[in-house]
Structures are given as structure tokens and as C-alpha cells.
Amino acid sequence: RKACHEAWELLSEKVDEEQASSQKKSLAASLKAEARASKASKVATYDLGSQGVGWATVDGVDVVELATRLVRDAADDPASLAAGSRLVIRIMPMQSVTFASLSDLVEGAAPLISRSFGGLRTSPHRAIVEALESMKTKDEDLLKTAREKAAAESGTEPGSASSVKYAVRLQRRSAAGFPKDAAVRALAALVPPQHTVSLGAPEVTILVEVFKSLCGVAVVPGYHAMHDFNLHAAAGKQVVPPPPRKN
């Protein structure tokens with residue numbers, strides 16, 4: 001509960017700053033915005049009932065830009081709320097949130113990947129088929145469904161964007177049954193061929209967080225330069241590693 005309150009304070013302050021620095025609106029638009037703001041908070045936090053993990057939603061801002069600004073605050077301003085955070089250690093922005101299934105994840109990620117990489121190499125379910133067929137152990141039911149959906153999908157354009165190095169980072173929590181390897185391969189299959197994988201020094205990272213029945217994805221430039229969105233690391237605090245799991 002205390003961590004959720006701290007997260008609410010951090011996010012609310014930054015959301016207010018983001019909206020205040022946005023383009024000037026007309027008087028009528030400003031009055032409408034104030035009326036909406038008076039009816040509901042722009043930030044909502046949720047206790048997911050799991051130690052060490054919380055959830056928050058924000059309205060009206062780019063969540064990747066929001067998380068980036070928090071990390072920069074932690075690194076550059078010792079007096080900022082971000083630098084002084086005690087319970088909120090890492091902020092993970094998610095641009096698309098879906099049910100934790102392979103199909104929903106890849107469908108939700110496709111528009112983000114297309115926007116960030118200038119197009120798509122293939123369609124979402126064709127990417128899933130490609131990923132599943134490359135696995136040593138195949139889920140035949142999942143593969144059959146993906147083939148059926150792929151047959152109905154239209155073609156894609158890879159675009160001509162300049163080549164960038166990228167990586168896919170997927171983390172599961174309380175979701176051991178989620179097909180991690182197939183998901184990583186399917187997401188990589190969506191990326192146009194002129195872009196190359198670089199696990200050591202990616203310019204762009206496709207972030208995926210799976211928690212129980214929720215799955216979030218974001219495409220983030222300069223993820224490692226942002227201290228992996230770890231506020232304590234950005235502020236120069238000693239980062240304590242998590243305790244080893246009990247078997």
C-alpha cells in the first residue's frame with residue numbers, strides 16, 4: 001500500500017508537469033480539460049496482491065516519455081521525488097496491455113513495432129506460425145489456430161527505415177506457462193529485415209512484461225542508457241539484488 005502511494009505521487013507529479021508543458025490550448029479546451037480532471041484522477045494505482053509488483057495507469061501522456069523523465073530526474077536532481085524514492089525501484093512503461101496469450105501479445109505489439117521500425121516483415125499470426133514451427137517442441141493446437149488466422153491476414157510492408165540494432169526483453173512473473181521462447185521469436189519475426197539483433201548494445205528494445213494473466217509491451221529507444229528504468233540505479237543508490245528463490 002505504501003509503495004502504491006509513493007508510485008501515485010511520483011507519477012502524478014510528472015503527469016502534471018507533462019501536461020503543463022504541452023502545447024497551449026484554447027480557453028475553451030483548457031476549461032474542458034480542467035472539468036475532466038476534476039472528475040477523475042489522471043493516475044490510478046493498483047495493488048496486485050503480489051510482493052514487489054504494482055500496477056498503475058496514466059491518462060494523457062506518453063508512458064515511455066514519462067518513465068524516461070522520471071529516470072532523468074533521479075539521475076540529475078537529487079531533490080526530486082524520483083531520486084528520493086524508497087519503495088518504487090523500477091518503472092516499466094507499457095504501451096499496450098493485453099491478456100497474457102501469445103496471440104494477444106503479438107497482435108498488440110505489431111502496431112508499436114511498425115511505428116518504431118518503419119513497417120512489418122510479416123503479419124502477426126504469420127510471425128507466430130513461423131515462431132512455433134521453429135520450436136523443437138510444437139504446440140499443435142496453438143499452431144493450427146495461428147495458421148487459420150494467418151490465412152486471413154493481409155500482406156505487410158517492411159518499409160525503408162534506416163537499420164537499427166534491437167533486442168527483445170521478456171520477463172515473466174507468476175506466469176511460468178507463458179510461451180516465452182515462442183513469443184520472443186514471433187516478435188523478432190515482425191521486425192523488418194534491415195534491422196539487426198544486438199543483445200549487447202541494442203538501440204531499441206522491445207520490452208515485454210508478463211504477470212499472471214496480464215501482458216504488457218513497449219518499444220523503447222535507449223533502454224539500457226536509462227538504467228533499465230531503475231530509479232535507484234539512476235540516482236546512484238546501491239541496488240540490492242533480489243533474494244535467491246527457494247526451490
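Everything in this summary refers to the structure shown in the same document. Note that this is a predicted model, so its numbers are computed, not measured.

**Things to note about the overall build of the chain**
The helix and strand inventory of the chain stands at 8 helices and 7 strands. Per-residue burial for the chain yields a buried fraction of 39% across its 247 residues. Counting only contacts in the chain whose residues sit at least 6 apart along the sequence, the fraction spanning at least 24 positions is 73%. Carbon together with sulfur atoms contributes 52% to the accessible area of the chain, which is approximately 14200 Å² in total.

**Re the side chain of Thr68**
Within the secondary structure, Thr68 sits in helix α3 (residues 63–76). On the basis of relative accessibility, which here comes to 10%, the residue Thr68 falls in the buried class. Residues in contact with Thr68, not counting those within four places in the same chain, are Met226 and Phe229.

**Here we look at helix α6 (residues 140–151)**
With 12 residues, α6 should cover 16 Å at 1.5 Å per step; its first-to-last C-alpha distance of 16 Å lies within 8% of that length. Tucked inside the fold, the buried residues of α6 contact α5 (124–133). For α6, the N-terminal capping position is held by Asp139, with its side-chain oxygen 3.3 Å away from the main-chain nitrogen of Asp141.

**What about the packing of aromatic side chains?**
In this structure the tally under the stated criterion is 2 aromatic pairs. Ring centres 5.7 Å apart and planes at 55° place the aromatic pair Tyr223 and Phe229 in the tilted group. A single burial state applies to Tyr223 and to Phe229, both of which are buried.

**What about the packing of helix α4 (residues 102–117) against helix α7 (residues 180–190)?**
Across the interface, α4 lies against α7 with an axial gap of 10 Å and an inter-helix angle of 30°. What the angle tells us is that α4 and α7 run roughly parallel. For the pair α4 and α7, the crossing hand works out as right-handed. In contact with Leu102, Leu105, Val106, Ala109, Ala110 and Ile113 of α4, α7 contributes Ala182, Ala183, Ala186, Leu187 and Leu190.

**A look at the nonpolar core**
The tendency in soluble globular proteins is for nonpolar side chains to be buried as a group. The biggest cluster of nonpolar side chains holds 39 residues, and the ones touching the most others in it are Ile113, Phe117, Leu187 and Ile206. Listing elements by their share of this core, those giving two or more residues are α4, α5, α6, β4 (165–173), α7, β6 (204–211) and β7 (214–221). Per-element accounting of this core gives the leading share, 8 residues, to α4. In terms of nonpolar packing, the next biggest core, distinct from the first, is built from 25 residues, Leu70, Ala218, Phe229 and Leu231 among them.

Reading guide: rules and limits
Residues numbered from 1 in each chain as written. Predicted model: local features only at pLDDT ≥ 70, side-chain atom pairs only at ≥ 80, totals over all residues. Heavy atoms only, no water. Helix = DSSP H or I, 4+ residues; strand = E, 2+ residues; numbered from the N terminus. Buried < 20%, exposed > 50% of the residue type's maximum accessible area, 1.4 Å probe, protein only. Contact = heavy atoms within 4.5 Å. Areas by Shrake-Rupley, 256 points an atom, 1.4 Å probe, with all protein chains shown as cover. Expected span 1.5 Å × (residues − 1). Polar contact = N/O pair within 3.5 Å; in protein donor to acceptor, adjacent residues only side chain to side chain. Phe/Tyr/Trp six-rings, centres within 6.5 Å; stacked < 30°, edge-to-face > 60°. Axes fitted to C-alpha atoms, helices over the stretch in contact; angles between N-to-C directions. Parallel < 35°, antiparallel > 145°, perpendicular 65-115°, else oblique. Left-handed = near helix turned anticlockwise from the far one by under 90°. Core = buried A, V, L, I, M, F, W, Y, C linked by side-chain atoms within 4.5 Å.

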